[in-house]
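Residue-level listing of the chains:
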Amino acid sequence: MGYRSTRQCVDDLRRNDFLVEVNEPVSPRLQAAEIHRRVQASGGPAILFTHVEGCRFPMASNLFGTIERARFLFRDTIENVRRAIELKIDPGAAIRHPGRYWKAPLTALAMRPRRVRGGAVMRNPTTISDLPQLVSWPGDAGGFVTLPQVYTEDATRPGLKHGNLGMYRIQMTGNRYETDCQVGLHYQIHRSIGVHHQRAREAGKPFCVNVFVGGSPAMTLAAVMPLPEGMSELTFAGALAGRRIPMLGRPGGLPIYADADFCIEGTVDPELHLPEGPFGDHLGYYSLAHEFPVLNVESVHHRDDAIWPFTVVGRPPQEDTVFGELIHELTGPVIPTVLPGVHAVHAVDATGVHPLLLAIGSERYTPWMLTTAPSELLTQANAILGQGQLSLAKYLWIIDRAADRELNINDVESFLTRVLERVDWRRDLHFQTCTSIDTLDYSGSGLNRGSKLVVAATGGAIRRLGRELPGGSKWPSGFGPARLCLPGVVAVQGPPFEPARASWWNELEGALRDPFPADQFPLVVLVDEADFCADTLNNFLWVTFTRSNPAVDVHGVDAMITDKHWGCRGSLVIDARIKPHHAPPLVEDPATTRFVDAMAARGGPIAKWL
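First, a word on scope: everything that follows refers to the structure included in this document. (Residues numbered from 1 in each chain as written. Predicted model: local features only at pLDDT ≥ 70, side-chain atom pairs only at ≥ 80, totals over all residues. Heavy atoms only, no water.)

## Quick look at the overall build of the protein chain
Within the protein chain, the regular secondary structure consists of 18 helices and 30 strands. Here the C-alpha radius of gyration of the protein chain, 25 Å, is about what a compact globule of 610 residues would show, namely 25 Å. Dimensions along the principal axes, computed over C-alpha positions, put the protein chain at roughly 75 × 65 × 50 Å. Classification of the 610 residues of the protein chain by burial places 58% in the buried group. Entry remark: accessible area of the protein chain is about 24500 Å², with carbon and sulfur atoms responsible for 52%. When the 60 basic and 66 acidic side-chain charges of the protein chain are each reduced to a single mean position, those positions are 5 Å apart. (Helix = DSSP H or I, 4+ residues; strand = E, 2+ residues; numbered from the N terminus. Rg over C-alpha atoms; globule rule 2.2 N^0.38 Å. Buried < 20%, exposed > 50% of the residue type's maximum accessible area, 1.4 Å probe, protein only. Areas by Shrake-Rupley, 256 points an atom, 1.4 Å probe, with all protein chains shown as cover. Lys, Arg positive; Asp, Glu negative; His and termini not counted. Charge placed at Lys NZ, Arg CZ, Asp CG, Glu CD.)

## A look at the packing of aromatic side chains
For the structure on display, the rule yields 19 aromatic pairs. Relative to Trp-542, the ring of Phe-532 has its centre 6.4 Å away and its plane inclined at 70°; by these criteria the two rings are edge-to-face. Here Trp-542 lies in helix 16 (residues 537-546) and Phe-532 lies in helix 15 (residues 530-535), a separation of 10 residues in the sequence. Here Phe-532 falls in the partly exposed class, since its relative accessible area comes to 31%. Residue Trp-542 is classed as buried on the basis of its relative accessible area, which comes to 5%. One aromatic cluster is present, formed by Tyr-395, Trp-397, Phe-540 and Phe-545 through successive ring pairs. Geometry around Trp-137 places Arg-37 over its ring, the cationic atom sitting 3.8 Å from the centre. The ring centre of Trp-542 lies 4.9 Å from the NZ or CZ of Arg-547, which sits over that ring. (Phe/Tyr/Trp six-rings, centres within 6.5 Å; stacked < 30°, edge-to-face > 60°. Lys NZ or Arg CZ within 6 Å of the ring centre and 35° of its normal.)

## With respect to the state of the cysteines
Taken as a whole, this structure holds zero disulfides when the rule is applied. Cysteine Cys-9 shares no disulfide, and the gap to the nearest cysteine sulfur, in Cys-55, comes to 19 Å. (Disulfide = S-S within 2.5 Å.)

## A few points about the pattern of salt bridges
Scanning the model with the defined rule gives 35 salt bridges in all. Between Glu-21 and Arg-14 there is a salt bridge; the shortest N-O distance is 2.8 Å. With relative accessibility at 30%, the residue Arg-14 sits in the partly exposed group. Residue Arg-83 pairs with Glu-79 through a salt bridge whose shortest N-O separation is 3.1 Å. On the criterion of helical spacing, the pair formed by Arg-83 and Glu-79 is a turn pair, its members being four residues apart in helix 4 (residues 78-89). A relative accessible area of 31% means that Glu-79 is categorised as partly exposed. One connected set of salt bridges, linked through shared partners, spans Arg-71, Glu-79, Arg-82, Arg-83, Arg-100 and Glu-329. (Salt bridge = Lys/Arg side-chain N within 4 Å of Asp/Glu carboxyl O.)

## Digging into the side chain of Thr-546
Of note, Thr-546 is situated in helix 16. Polar contacts involving the side chain of Thr-546 include one to the main-chain carbonyl oxygen of Trp-542, which spans 2.4 Å. (Polar contact = N/O pair within 3.5 Å; in protein donor to acceptor, adjacent residues only side chain to side chain.)

## Topic: the sheet that holds strand 23 (residues 449-457)
Reading across from one edge, 19-20-21-23-22 is the order of the five strands in this open sheet, with mixed pairing throughout. Lying at the two open borders of the sheet, with one neighbouring strand each, are strand 19 (344-347) and strand 22 (429-436). On average, adjacent strands in this sheet sit at an angle of 15° to one another, irrespective of strand direction. Bridging between strand 20 (residues 356-361) and strand 21 (residues 395-400) involves six bridges; their strand directions are parallel. Within strand 21, the residue paired with Ile-360 across the bridge is Ile-399. Against the sheet, helix 12 (residues 376-384) touches strand 19, strand 20, strand 21, strand 22 and strand 23, its axis set at about 140° to strand 21. (Pairing = 2+ DSSP bridges. Axes fitted to C-alpha atoms, helices over the stretch in contact; angles between N-to-C directions. Contact = heavy atoms within 4.5 Å.)

## Some details on the packing of helix 13 (residues 412-422) against helix 16
Between helix 13 and helix 16, the least distance of the axes is 11 Å, while the angle of their chain directions is 60°. Considering the angle they form, helix 13 stands oblique to helix 16. Residues Val-412, Glu-413 and Leu-416 of helix 13 lie in contact with helix 16, whose contacting residues are Leu-537, Phe-540 and Leu-541. (Parallel < 35°, antiparallel > 145°, perpendicular 65-115°, else oblique.)

## Considerations on the nonpolar core
Ranked by internal contacts, the top residues of the largest apolar core, which has 54 residues, are Phe-74, Phe-212 and Phe-236. Ranked by residues supplied to this core, first place goes to helix 9 (residues 233-241) with six residues. Beyond its immediate sequence surroundings of up to four residues, Phe-74 is in contact with Phe-64, Pro-217, Ala-218, Leu-221, Leu-240 and Leu-326. (Core = buried A, V, L, I, M, F, W, Y, C linked by side-chain atoms within 4.5 Å.)

## Thoughts on the sheet that holds strand 25 (residues 489-493)
One open sheet accounts for five strands, arranged 24-25-26-30-27; its pairing is mixed. Two strands bound the open sheet, and with one partner strand each, they are strand 24 (482-486) and strand 27 (554-556). Taking each pair of neighbouring strands and ignoring which way they run, the sheet shows an average axis angle of 30°. Taken together, the five bridges between strand 25 and strand 26 (residues 523-527) define a ladder with parallel strand orientation.

## What to know about the pairing of strand 17 (residues 290-302)
As judged from the two bridges shared by strand 5 (residues 124-125) and strand 17, these two strands associate in the antiparallel manner. Within strand 17, the residue paired with Pro-125 across the bridge is His-301. For strand 14 (residues 262-276) and strand 17, the ladder comprises 11 bridges, and the chain directions are antiparallel. Bridging across to strand 17, Val-268 finds its partner in Leu-295.

## Comments concerning the packing of helix 2 (residues 31-41) against helix 18 (residues 590-602)
When two helices pack together, their arrangement is captured by the angle between the axes and the distance separating the axes. Viewed as axis vectors pointing N to C, helix 2 and helix 18 meet at an angle of 60°, and their least axial separation amounts to 10 Å. One element, helix 2, and the other, helix 18, form an angle in the oblique class. The chirality of how helix 2 crosses helix 18 is right-handed. Mapping the contact onto sequence places Gln-31, Glu-34, Ile-35 and Arg-38 in helix 2 and Thr-592, Thr-593, Phe-595, Val-596, Asp-597 and Met-599 in helix 18. (Left-handed = near helix turned anticlockwise from the far one by under 90°.)

## What to know about the side chain of Glu-421
Within the element layout of this structure, Glu-421 appears in helix 13. Residue Glu-421 is classed as buried on the basis of its relative accessible area of 16%. Side-chain polar atoms of Glu-421 contact the side chain of Arg-422, separated by 3.1 Å.

## Concerning helix 18
Under the 1.5 Å per step criterion, the end-to-end length of helix 18 is 19 Å for 13 residues, consistent within 8% with the ideal 18 Å. In this structure, the buried residues of helix 18 make contact with strand 1 (19-22) and helix 2. (Expected span 1.5 Å × (residues − 1).)

## Quick notes on the environment of Leu-523
Its location among the elements puts Leu-523 in strand 26. Taking C-alpha positions, Leu-523 is 50 Å from Arg-96, a pair spaced 427 residues apart along the chain. With residues near it in sequence (within four places) discarded, Leu-523 still touches Trp-397, Leu-420, Gly-488, Val-489, Val-490, Phe-540, Leu-572 and Ile-574.

In structure tokens, the structure reads:
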């Protein structure tokens, strides 16, 4: 459907039984977010909060909460977008199959944003204080916009063609921001807005930023699309919306998305940076307070029938998981054209996306050589780590497709099992140290600083993985119990991490020698709670890959260095205990939990999902 506003989207979802209304009073501080989390986790409907305490605007959430509902929102256009991507891969297909691609010119037209002279979003002025002040987690520093569409342009190449639309965090209240005059602008490393900011500084020009909320759901999805740098997300939004995106020209300022529900106009203060955060983020921890740019607010407007859409981020899976799934459906076929030899890439949502990346590659160049050592896989791994946001991956596990041509990259357990059956820890570990990682990942040595590890595997299986806990193992004092997480993977509970205690490794390494069957259990994870880690696959993934910094926390039994290459002869050990420098995990507020429990007990249209 070609929605022009959040209201049109909400009404359509209601008509088709994809939405429920909450008409009793709900606070935007913690309560709305807790309701959202429970409904989303149970696969429930979109939610319209009609009575938001302290605010005159209704709020809507969970619009994209299931992949089925996300496909429903774009049911009239998503196939056209797929076919446009097919033509991007193979332009000659339009000539061979004209009947399949006859709508391609219409899609191409919709991809051109258009300038307009007026727009619904400019009907009513308001202030930041009047907007819904959503607080999702008890430790959040203030009210945040969680579904912003942040628009900027390149000072050296202004215009819609090169504009960037991104989803960057906006803190509206709290900390040291001047009420109604300043908001925090948090953007992470490897984001196009940073390029625009730098070029404005170099050109000595004001860095203007417009923040849109609502409008077509296509704009929300476009804001998180990993498009090539310099390609405007407005083009993708038009294709998915089924119509050209209307942008209102502003003398001396940036264009405004005319159909948005809300718009905040401002200019970044070039001399001022203020602490932004903490904020409960998608890795399942708080991103802590750091200095980020400040946006001086120049105007705030909203349309007549405005609804404030929001989401809640936290330990995955959350609603943003669906964004990733839908984007992968649309862009997955493009991967081999961008990365030769790579058949598939999967950012594992259970780890918060960037901590763990899986890839299926291929050894193509020397088919006559009977070698099991990865070679082209390493070239492909470096290419993956050189691609935009994929470069933020902390762990990249890559396997040769010949190992299992039926391997499904989305089946994480099977993927890890195939790698562990084949990997040779003496040869197949490749570290990058003192490098950049995700801004939100606090496992490293500082903001944006950490390390990466590529695990590459090819050839036939060299071991049979253990599927029962090994008997006879004796753990040192303070260690244990051990639990089986996956075939070949054991979690060992360890003592709390102490920076001054370096002897723990010698103690554990001794226990992992004979009679411990290292060949059956090539991977050991040291954790704070072995039962929790082994309880589910998602727990194992989350604990292991969000709580470790490869260059510091990866150890190996009988480690060795050959020509500066590190490897080990025995089991690989990842220390995934919580460290003092880690950000605290997200924990719900007990009073809010009791409030939502009481709401469920009272019954009503939403009770069965709470």
